Amino acid sequence: MELEVKTFTLGPLENNTFLLWEKETKQAVLIDPTYEIQTVIDEIKARNLNLSEVWISHAHFDHVIGILLLLQSFESPPRIRLHKADLGLWRTDAGAQSFNLHISLPKDPDFFFTDGEKLKVGKVEIEVLHIPGHTPGHVIFYIPQNKVAFCGDVIFHHSVGRTDLPGGDFETLITGIKSKIFNLPLDTRLLCGHGPETTVNEEKKNNPFLQ
Ligand SMILES: [Zn+2]
Ligand SMILES: [Zn+2]
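The rules behind each value
- Residues numbered from 1 in each chain as written.
- Chains lettered and ligands numbered in written order.
- Predicted model: local features only at pLDDT ≥ 70, side-chain atom pairs only at ≥ 80, totals over all residues.
- Heavy atoms only, no water.
- Helix = DSSP H or I, 4+ residues; strand = E, 2+ residues; numbered from the N terminus.
- Buried < 20%, exposed > 50% of the residue type's maximum accessible area, 1.4 Å probe, protein only.
- Lys, Arg positive; Asp, Glu negative; His and termini not counted.
- Charge placed at Lys NZ, Arg CZ, Asp CG, Glu CD.
- Salt bridge = Lys/Arg side-chain N within 4 Å of Asp/Glu carboxyl O.
- Arc of directions from axis to C-beta.
- Contact = heavy atoms within 4.5 Å.
- Donors = N, O, S within 2.8 Å, 3.2 Å for Na, K, Ca; no water.
- Tetrahedral: all angles 85-135°; square planar, octahedral: opposite > 155°, others 65-115°.
- Pairing = 2+ DSSP bridges.

### Focus on the overall build of the protein chain
Within the protein chain one finds 6 helices and 14 strands. Seen along its three principal axes, the alpha-carbon backbone of the protein chain occupies a region of about 50 × 45 × 30 Å. When burial is assessed residue by residue, the protein chain has 53% of its 211 residues classed as buried. Each charge class in the protein chain was averaged separately, 20 positive and 28 negative side chains, and the resulting centres sit 5 Å apart.

The following block contains the structure:
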């Protein structure tokens, strides 16, 4: 059984927010709540989903800016998961200062991801892979049953995440992509934090940063 997946492309940076749910049980998680999150909240309510958790690929402001409204919109608010190595970023305006912006975030996350950890949405298993380099605590989410990985800002179609922001490191990023993403089956779809989706095969062959 696969999870249902809906992609929302929202906001000035064209962020992708992903809603995942199991059809039978209506168990749901949301990955990277960005700008204009009301659209997603409406969808969750219209489908009568039980949103238990919000998973943050990394703590940059454009991937977390929707959290406050999201938490205020549900009687039992979803809990938040992040990798601990991004907690510093989370606590300092999610890096918004680098862009002369200010955002407010709620209290610290409720849980922390660990590398290789397996989580579940309903009965479907999701693997967490820690791939630092864009930020110290960046994780991606791999669902073998869906043949899909949610990659945040680690890799894009024919590109990779920027490494010039605080905590970034180019060599670390490239090593992580080659050892973890390129280890996934070739036909795995890569759903990125911005822009169009791609596949492991396509990036192995044609990504200029990864040859
Ligand atoms: Zn980012
Ligand atoms: Zn981003």
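### Some words on the pattern of salt bridges
Enumeration over the complete set of coordinates arrives at 12 salt bridges. Residue Glu53 is joined to Arg81 by a salt bridge in which the shortest nitrogen-to-oxygen separation is 2.5 Å. Taken as a pair, Glu53 in strand β4 (residues 50-55) and Arg81 in strand β5 (residues 79-83) lie far apart in primary sequence, 28 residues in all. Across this residue pair, the class does not change: Glu53 and Arg81 are buried. Residues Arg91 and Asp108 are paired through a salt bridge, measuring 2.4 Å at the closest nitrogen-oxygen approach. Of this pair, Arg91 sits in helix α4 (residues 87-91) while Asp108 sits in the loop between α4 and β6 (111-113); the two residues are 17 residues apart in sequence, bridging distant segments of the chain. The network of salt bridges with shared partners includes Lys6, Glu43 and Arg47.

### Here's the deal with helix α5 (residues 170-180)
Along an α-helix, residues three or four positions apart point the same way, because every turn accommodates 3.6 residues. Among all positions in α5, only Leu173, Ile174, Gly176 and Ile177 are buried. Projection of α5 onto a plane perpendicular to its axis shows the buried side chains occupying an angular sector of 160°, all on one side. With respect to the buried face of α5, the exposed residues turned more than 90 degrees away are Glu171 and Thr175. The inward-facing, buried residues of α5 abut β11 (155-156) and β12 (159-160).

### A look at the coordination of the zinc ion (ligand 2)
Within the protein, the zinc ion (ligand 2) binds to Asp62 (OD), His63 (NE2), Asp153 (OD) and His194 (NE2); these donor distances fall in the range 2.1 to 2.5 Å. Given 4 donor atoms and angles of 87 to 159° at the metal, the environment of the zinc ion (ligand 2) is assigned as irregular. Mapped onto the polypeptide sequence, the residues donating to the zinc ion (ligand 2) form the spacing pattern D-H-x89-D-x40-H.

### Section: the coordination of the zinc ion (ligand 1)
The zinc ion (ligand 1) binds to the protein through His58 (NE2), His60 (ND1), His134 (NE2) and Asp153 (OD); the donor distances cover 2.1 to 2.4 Å. Coordination at the zinc ion (ligand 1) comes from 4 donor atoms whose angles at the metal span 91 to 170°, giving a geometry best classed as irregular. Each donor residue of the zinc ion (ligand 1) lies on the same chain, and together they follow the pattern H-x1-H-x73-H-x18-D. A distance of 3.5 Å spans the gap from the zinc ion (ligand 1) to the zinc ion (ligand 2), which Asp153 bridges by coordinating each metal. Remark: Asp153 occurs in the loop between β10 (148-152) and β11 and His58 occurs in the loop between β4 and α2 (61-64); sequence separation between them is 95 residues. Take His58 and Asp153: they sit in the same class, and that class is buried.

### Examining the pairing of strand β9 (residues 139-143)
With respect to burial, β9 is a largely interior element, 5 of its 5 residues being buried. Taking every second residue as pointing to the same face, both faces of β9 are buried, with Val139, Phe141 and Ile143 on one and Ile140 and Tyr142 on the other. Pairing between β9 and β10: 3 bridges, direction antiparallel. Bridge pairing links Phe141 to Phe150 in β10. As consecutive antiparallel partners, β9 and β10 are separated by 4 residues, and within that stretch Lys147 has a phi angle of approximately 50°, a positive value.

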